[in-house]
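# Understanding the architecture of this molecule
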There are 2 protein chains.
Amino acid sequence: MVFKVTVNSAWRATRTLWLLVLVSLSVCICVCRASSPQEDSAMENIVTEKKAEESHRQDSADLLIFILLLTLTILTIWLFKHRRFRFLHETGLAMIYGLLVGVVLRYGIHVPRDISNATLGCPVNASPATLLINVSGKFYEYTLKGEISANEVDNVQDNEMLRKVTFDPEVFFNILLPPIIFHAGYSLKRRHFFRNMGSILAYAFLGTVISCFVIGLLMYGCVMLMKQVGQLGGDFFFTDCLFFGAIVSATDPVTVLAIFNELQVDVDLYALLFGESVLNDAVALVLSSSIVAYQPQGDNSHTFEGTAMLKSFGIFLGVFSGSFALGVATGIVTALVTKFTKLRDFQLLETALFFLMSWSTFLLAEACGFTGVVAVLFCGITQAHYTFNNLSPDSQDRTKQLFELLNFLAENFIFSYMGLTLFTFQNHVFNPMFIVGAFVAVFLGRAANIYPLSFLLNLGRRNKIRSNFQHMMMFAGLRGAMTFALSIRDTATYARQMMFSTTLLVVFFTVWICGGGTTQMLSCQRIRVGVDSDQDNSMSITEGPERRSTKQESAWLFRIWYNFDHNYLKPILTHSGPPLTATLPPCCGPLARFLTSPQAYENECQLKDDDSDLILTDGDINLTYGDITVSTDASGAHTSGGTAFAGAATSDDLDRELTYGDHELVMRGTRLVLPMDDSEPPFTDLHHGMRM
Amino acid sequence: MVFKVTVNSAWRATRTLWLLVLVSLSVCICVCRASSPQEDSAMENIVTEKKAEESHRQDSADLLIFILLLTLTILTIWLFKHRRFRFLHETGLAMIYGLLVGVVLRYGIHVPRDISNATLGCPVNASPATLLINVSGKFYEYTLKGEISANEVDNVQDNEMLRKVTFDPEVFFNILLPPIIFHAGYSLKRRHFFRNMGSILAYAFLGTVISCFVIGLLMYGCVMLMKQVGQLGGDFFFTDCLFFGAIVSATDPVTVLAIFNELQVDVDLYALLFGESVLNDAVALVLSSSIVAYQPQGDNSHTFEGTAMLKSFGIFLGVFSGSFALGVATGIVTALVTKFTKLRDFQLLETALFFLMSWSTFLLAEACGFTGVVAVLFCGITQAHYTFNNLSPDSQDRTKQLFELLNFLAENFIFSYMGLTLFTFQNHVFNPMFIVGAFVAVFLGRAANIYPLSFLLNLGRRNKIRSNFQHMMMFAGLRGAMTFALSIRDTATYARQMMFSTTLLVVFFTVWICGGGTTQMLSCQRIRVGVDSDQDNSMSITEGPERRSTKQESAWLFRIWYNFDHNYLKPILTHSGPPLTATLPPCCGPLARFLTSPQAYENECQLKDDDSDLILTDGDINLTYGDITVSTDASGAHTSGGTAFAGAATSDDLDRELTYGDHELVMRGTRLVLPMDDSEPPFTDLHHGMRM
């Protein structure tokens, strides 16, 4: 009875509030848009001030539109989640609301032309970035905003309004993408990620390159055909096609992953999809920038040339490895700082430092000419692997929650902006032939990525990627924030404008159709849902020796890395692992003593007593110590270790280590929202927090 | 032994890291600054792209400088806190680092002049905001950046570099101030704030106006004298003097409050200072904008005119009350949304909604022409009073921590920017006479605010504001973020430039000298430290009837408000308080049933059993119910209630209510950093978190 009353009143209240928000949104749009700048005073000073004020009010109103859109989205998502409605993800919803507002802005409001817009007719020969104008002795400085096509000169003011709503595309790369990508890296599920690392790297690197070239070639064919038919209104070179291939190769299955998470779909499939999507954003980004950098010598600027090609390849390698190195380096610096200072006593300082260091990765990479987003990704992974263990439990929560919130806001902002931009962007070029070609190419490119690679990978994998998994991965090749941001970054030429318009449609289609059909696809492909990762482990026990040998085969590279990480990096960068005095050669004694934290020695004694069953039979003494992070006040650490071991007691040490690491993550960050928290029964998440 | 090793290694490591950060900072500054834009290709397209890239790298480097500065500040603060070093607060430190970097930027680096800067000599009669330039058939759009004085035309590029580091002042009002002010409102200690509300309002409103006019008059005298001596290089009107008075009347004793908090200084003194500083920012802001709006008719634009004066006063009232209403309104909307939806099941959505609604207050106010910062302040207070109770415990933590972090970052950013700007700002006008005059005026203005008002207030107060408290309040009149932001907002004229330079010095002086001398001043004035608020309560018990009558006298206005709040607002906006069916007249039955949450009925039954000792003897039946917020899953609420009642069992109901509200705040937000958390023994805060 009481429950019913609440729900009913909740419904009514929600509806009322909704109406309220909608009304306020439209009123706000209309009022704010309608107020045109007026000049009622003769004094120039005041005019300028008023204008600045007007422009500021305008900006506030523009931003307010987005904020209200996001608010509306949140309320609707809540309703959907409340009713377990899975057809439409929040991002899809954000796009729909964005579309609606875009329609209103585009067709609903016209701003009268501003008379103060003067056209200067005097003979200038260049268009410099900065212009000084001498007005009767006073110098005014002007900055270049962009070129305006001759037929649009008349309605500049109207465009001005729309352009104001259309943010500077660099906002995406400098403000919105970094938290999203950092969050992805910071919340990467490490156990299953490392277990499938080979396959993930193959899909992300090889797969993206394959996809890029397949799409590029197909689009080139399409463009040639269009030229024959006479449908092409401007230049469209092969490099443009390749560029298009690169930008639409960045997958972003956020919708699918959210549903996977909710339904607890098979963990390996989840790891493959998530790992691929995280890394291939970085690959696609660097790939696209190296394609742009392809510049053959001389005038024949769009023909093939070996040296230019090599140079592009060099740029790809240089930028990628540079960004990688920078990201890892700042991650390591942060780990060292948090290890060797007692910052953990002051959680606010700790969280602030963590935030600033992670942000500085981005800025440092950008300032050095590398790619900030890529650096931030690897910084996030490093922070999760090392720094996270040095933080106080409180800061672990804080940082996770902070980046979760930023990710949520940025993601929904981008998607609602996408919807808006379909109507407010002024230079759309919708070419039906190109669009159809693009859809086919995107489909085939994804297929050329998944199926051949899966076949090759299955040759080496004992734990095969089954065909229904392959179909699901094929289906989950959604395009999202990264694709959009890359395509809106440069819309100067005809080719880029056509790409942008087409990309928008691809994103809409994949997010709505593929995203909405995920549950259907899952049941159609008979993919297990409600899988517990512990259950998954116990299944691997029945498979026993077979699985173990798989790991021995495929993970040799990883095993080398693991030994190095466990013996040297973890002890140096965190309070866990064996003391360095035991792992480093004796000559490095003083250094080892300096770098080893006192906790590591305590670790050693403790573990020799408690965890002697951890010793491996292969005689590798360095693998003796469990990788337990003993923090100064985390008395719960051992309990959590207990649970973890109970679940994976018969797996091999490597697996146990990873399991443990993950569980610890979950235990420490209570109510913390990991992308796949499989230590709880299904559907309890409604009470414990929302997962993305 | 172990401890010593850790500290030693921590010291060494910190020193190393410090060097590292310093070196990287200077390398970064030099490298990034030295790279001048080059044009090595003939293709215009590529040139533009390269330029954009260059400019972006520049921006990243600029921001990176600040981030590294903040990182450095954090590490140093940690060291200071670690060693209980209280002479220099983090904000003072941030300023010092900013100064150092400013010196390097100003004198260390020179950027060669860019040849692409063209000066247009053709006859233009106006300087419109947007300029279209016809370059051989192509139209380019330029936007006005500002006026350049004729003698600076030659080194525009050098200035360009410095101007890039010097952000757009609106950044302060739109990005940095709002989180600071919201945090102040959101963390306002309600019990002691309400207890001293009359005095706080008097200091904040009357006091600020008095201070503004006293400083304005004194400065006008000073300016007149300067004109006589011939030291004045430009116009300086009476309105300018008043404006200066308004901007330096905004006190910001963040340094002092941090020390008060650490030393647990008398709670009433804390409440007076904090409450005054929070509110007087708002008053000074609105006051300064209404002084700017003072525009007499006709040409005699700087003489006194009654109607214009009235208009200014009207603007003050209108803007203030409008901003107040807007802030409260969005706070109420948020409270309603969180009450009537079950958003609390999804903490991420809840936090995001809270954040967005609070932000939209700011934008809405700005879009409507009110003052966003003022709206945000009152929104914060409303959110703390109502919405906070509807949030899930997890979201309560999250929102508190989020705004705490934002406040910390924004505040330190502003202060380090202040240091930087002393050297990088290009139009400083340091006039010794004006500076001396300003210091005297600021001192006298503060005195004219505190001493007469305290005298008047003491006439009505039984619990007097003692003279040592008055001296301390006088001493704690630091100037900070708001004063700086107001003074940098407009530096177009000679008068404003002189004001800005002087304000900077006032801020530096007060933060370093007054901030650093707080502990000395406290001991010199024999102000009690280590005061527990419970102890304070028990002392009031010994005073007994006397105190009670004080409250009866002074709080009549507050009592009316309290009854209204407790009987109508709290039940409507939160799950607490008596059911509306009991407090509203019977005719409103259906509405009351709709608005009352089921928890309120449960409340009623529960409280009648448990808390019958709460019933007052004065027969006011509406005050019967304790203001307990029963949340669906907060089983700890009653425990916390228990502690609170134990501490204040003999106070009157009103006081208990407030006590209870506060304690609940503390209990719910575990490890949460309230400005004055007096429920814990002194000095444990080092282990529990840092307070601001």
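The rules behind the values
Residues numbered from 1 in each chain as written. Chains lettered and ligands numbered in written order. Predicted model: local features only at pLDDT ≥ 70, side-chain atom pairs only at ≥ 80, totals over all residues. Heavy atoms only, no water. Helix = DSSP H or I, 4+ residues; strand = E, 2+ residues; numbered from the N terminus. Contact = heavy atoms within 4.5 Å. Buried < 20%, exposed > 50% of the residue type's maximum accessible area, 1.4 Å probe, protein only. Lys, Arg positive; Asp, Glu negative; His and termini not counted. Salt bridge = Lys/Arg side-chain N within 4 Å of Asp/Glu carboxyl O. Polar contact = N/O pair within 3.5 Å; in protein donor to acceptor, adjacent residues only side chain to side chain. Phe/Tyr/Trp six-rings, centres within 6.5 Å; stacked < 30°, edge-to-face > 60°. Lys NZ or Arg CZ within 6 Å of the ring centre and 35° of its normal. Patch = residues over 30% accessible without salt bridge, like charges linked within 9 Å, V, L, I, M, F, W, Y side chains within 5 Å. Areas by Shrake-Rupley, 256 points an atom, 1.4 Å probe, with all protein chains shown as cover. Disulfide = S-S within 2.5 Å. pLDDT = per-residue confidence, 0-100. Axes fitted to C-alpha atoms, helices over the stretch in contact; angles between N-to-C directions. Parallel < 35°, antiparallel > 145°, perpendicular 65-115°, else oblique. Left-handed = near helix turned anticlockwise from the far one by under 90°.

### Let's talk about the overall build of chain A
- A count of helices and strands for chain A gives 28 helices and three strands.
- Of the contacts formed within chain A by residues at least 6 apart in sequence, a portion of 80% connects residues at least 24 apart.

### Concerning the side chain of Lys400 of chain B
Residues and elements named next belong to chain B.
- Tracing the chain through its elements places Lys400 in helix H14 (residues 393-424).
- One buried charge, Lys400, has no salt-bridge partner; the nearest side chain with opposite charge is Glu404, at 8.6 Å.
- Polar side-chain contacts of Lys400 include one of 3.0 Å to the backbone oxygen of Tyr186.

### A closer look at the packing of aromatic side chains
- With the rule as written, the count across this model stands at 56 aromatic pairs over all chains.
- The interplanar angle of 15 degrees and the centroid separation of 5.2 Å between the aromatic rings of Phe508 of chain A and Trp512 of chain A together place this pair among those described as stacked. On the criterion of helical spacing, the pair formed by Phe508 of chain A and Trp512 of chain A is a turn pair, its members being four residues apart in helix H18 (residues 494-516).
- Judged by centre distance (5.9 Å) and plane angle (75 degrees), the ring pair of Phe320 of chain B and Phe378 of chain B falls under edge-to-face. Taken together, the residues Phe320 of chain B in helix H11 (residues 306-340) and Phe378 of chain B in helix H13 (residues 372-390) connect sequence positions 58 residues apart.
- A residue is classified by how much of its surface remains accessible, and Phe320 of chain B, at 10% relative accessible area, is buried.
- In this structure an aromatic cluster arises from ring pairing among Phe66, Phe172, Phe413, Tyr417, Phe425, Phe484 and Phe500 of chain A.
- For Arg496 of chain A, the ring lying beneath its charged end belongs to Phe243 of chain A, and the centroid distance is 4.1 Å.

### A look at the environment of Val286 of chain B
Residue and element names in this part refer to chain B.
- Within the fold, Val286 resides in helix H10 (residues 267-292).
- For the pair Val286 and Val374, spaced 88 residues apart in sequence, the C-alpha to C-alpha distance is 8.1 Å.
- Leaving out residues up to four positions away in the same chain, Val286 has contacts with Phe316, Val319, Phe320, Thr371 and Val374.

### Looking at the environment of Asn468 of chain A
Residues and elements named next belong to chain A.
- Along the chain, Asn468 falls in helix H16 (residues 467-475).
- As for Asn468 and Thr255, which are separated by 213 residues in sequence, their C-alpha atoms are 19 Å apart.
- If near-sequence neighbours (up to four positions away) are discounted, Asn468 is found in contact with Gln525, Arg526 and Ile527.

### As for helix H17 (residues 481-488) of chain B
Residues and elements named next belong to chain B.
- Most of H17 sits inside the fold, with eight of its eight residues counted as buried.
- Residues of H17 that are buried: Ala481, Met482, Thr483, Phe484, Ala485, Leu486, Ser487 and Ile488.
- Each element contacted by the buried residues of H17 is listed here: helix H5 (170-186), helix H8 (238-247), H10, H13, H14 and helix H18 (494-516).

### Remarks on unusual backbone geometry
Residues and elements named next belong to chain A.
- A positive phi angle, close to 50 degrees, is found at Arg526, a residue other than glycine.
- Along the chain, Arg526 turns up in the loop between helix H19 (518-524) and helix H20 (533-543).
- For Arg526, a relative accessible area of 71% gives the class exposed.

### Re the side chain of Glu350 of chain B
- When you line up the elements, Glu350 of chain B lands in helix H12 (residues 347-367).
- Not counting chain neighbours up to four residues away, the residues in contact with Glu350 of chain B comprise Leu343, Arg344, Asn390, Leu391, Ser392 and Ser395 of chain B.

### Some remarks on a nonpolar patch on the surface
- Together, Leu218, Val436, Val440, Phe443 and Leu444 of chain A make up a nonpolar patch on the protein surface, roughly 440 Å² of accessible area in all.
- Mapping Val436 of chain A onto the fold places it in helix H15 (residues 432-460).

### Here's the deal with the environment of Ala204 of chain B
Residues and elements named next belong to chain B.
- Structurally, Ala204 can be placed in helix H7 (residues 197-229).
- Residues Ala204 and Phe469, 265 residues apart in the sequence, show an inter-C-alpha distance of 16 Å.
- Dropping the residues within four chain positions of it, Ala204 is found in contact with Glu276, Leu279, Asn280 and Val283.

### A closer look at the state of the cysteines
- Counting across every chain of the model gives zero disulfides over all chains.
- The structure places no disulfide on Cys241 of chain A, whose sulfur is separated from the nearest cysteine sulfur, that of Cys222 of chain A, by 8.3 Å.
- With no disulfide of its own, Cys514 of chain B lies closest to Cys524 of chain B among cysteine sulfurs, the gap being 13 Å.
- For Cys514 of chain B, a relative accessible area of 11% gives the class buried.

### Here's the deal with the pattern of salt bridges
- The final tally for this structure, using the stated rule, is 10 salt bridges over all chains.
- The shortest N-O distance in the salt bridge between Arg446 of chain A and Glu276 of chain A comes to 2.9 Å. Residue Arg446 of chain A is located in helix H15, and its partner Glu276 of chain A is located in helix H10 (residues 267-292); the two are separated by 170 residues in the primary sequence. Taken as a pair, Arg446 of chain A and Glu276 of chain A share a single burial class, namely buried.
- Here Arg398 of chain A and Glu404 of chain B are joined by a salt bridge, their closest N and O atoms 3.3 Å apart. Of the two residues, Arg398 of chain A sits in helix H14 (residues 393-424) while Glu404 of chain B sits in helix H14, which places them in two different chains.
- Within this structure, Asp394 and Arg398 of chain A together with Glu404 of chain B form a network of salt bridges that share partners.

### Focus: the confidence of the model for chain A
Residue and element names in this part refer to chain A.
- The predicted model of chain A averages 73 in pLDDT, with 65% of residues at 70 or higher.
- Every residue in residues 1-7 is under pLDDT 50, and counting partners more than four places away or in other chains gives three contacts.
- Reported for the predicted complex are a pTM of 0.78 and an ipTM of 0.77.

### What to know about the packing of H5 of chain B against H14 of chain B
Residues and elements named next belong to chain B.
- Across the interface, H5 lies against H14 with an axial gap of 8 Å and an inter-helix angle of 130 degrees. Taken together, the axis directions place H5 and H14 in an arrangement best described as oblique. In this structure, H5 meets H14 at a crossing whose hand is left-handed. Residue-level inspection shows Phe172, Leu176, Leu177, Pro179, Ile180, Phe182, His183 and Tyr186 of H5 in contact with H14, the latter providing Thr399, Lys400, Phe403, Glu404, Leu406, Asn407, Ala410, Glu411, Phe413, Ile414 and Tyr417.

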